[in-house]
Amino acid sequence: MKASQTKPLQTVGKVWCAFFGHRFYTSRNVTDHFKEYKCSHCQLELTNDEKGHKIYLTPELKDINETLVNFYQRRHHLVS
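Residues numbered from 1 in each chain as written. Predicted model: local features only at pLDDT ≥ 70, side-chain atom pairs only at ≥ 80, totals over all residues. Heavy atoms only, no water.

A look at the sheet that holds strand β1 (residues 24–29)
The following threshold applies: When DSSP locates at least two bridges between a pair of strands, those strands are taken to pair. Each helix corresponds to a stretch of at least 4 residues labelled H or I by DSSP, and each strand to a stretch of at least 2 residues labelled E; elements are numbered beginning at the N terminus. Axes, fitted as lines to C-alpha atoms, cover a helix only where it is in contact. Angles between the N-to-C directions of the axes lie from 0 to 180 degrees.
Reading across the sheet, the four strands line up as β1-β2-β3-β4 and stay open at both edges, with antiparallel pairing between neighbours. If you trace the sheet from one side to the other, it starts and ends with β1 and β4 (54–56), each paired once. Ignoring which end each strand starts from, the neighbouring axes of this sheet average 35 degrees apart. Inspection of the sheet shows strand β3 (residues 45–48) paired to β4 by three bridges, in the antiparallel sense. The partner of T47 across the bridge, within β4, is I55.

This is the structure in structure tokens:
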């Protein structure tokens, strides 16, 4: 039942973004330089690449960001 309710909402969000553009917010700070972004209307997820440009967040990039978070937290936990 929920799947049928969320599908029209996603479609409305996609139409909204097609006309007015995406409304991105920072959903997660990976490090000081890498962040994950999400569109508040269509739930599209993006992240930064090594040059600072926004690219689509693939499962592979999600794993890379998770590894970066672990390394970053360990490094700053040991230094502090």
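Brief notes about the pairing of β1
Here β1 pairs with strand β2 (residues 35–39) via five bridges, running antiparallel. Across the sheet, the residue bridging to T26 is Y37, located in β2.

Quick look at the pattern of salt bridges
Note the cut-off: Note on definitions: salt bridges are taken to be side-chain nitrogens of Lys or Arg within 4 Å of carboxyl oxygens of Asp or Glu. Categorising residues by exposure relies on relative accessible area from a 1.4 Å probe, with only protein chains included: less than 20% of the type maximum marks a residue as buried, more than 50% marks it as exposed, and the intermediate range marks it as partly exposed.
A full pass over the atoms with the stated rule returns four salt bridges. The closest approach of N and O atoms between E66 and R28, which form a salt bridge, is 2.8 Å. Taken together, the positions of E66 in helix α2 (residues 59–79) and R28 in strand β1 put the pair 38 residues apart, joining distant regions of the chain. For R28, a relative accessible area of 27% gives the class partly exposed. Close ionic contact of K38 with E45 constitutes a salt bridge, the shortest N to O distance being 3.9 Å. By relative accessible area, which is 22% here, K38 ends up partly exposed. Relative accessible area serves as the criterion here: at 25%, E45 is assigned to the partly exposed category. Salt bridges sharing partners connect three or more residues here, namely R28, E36 and E66.

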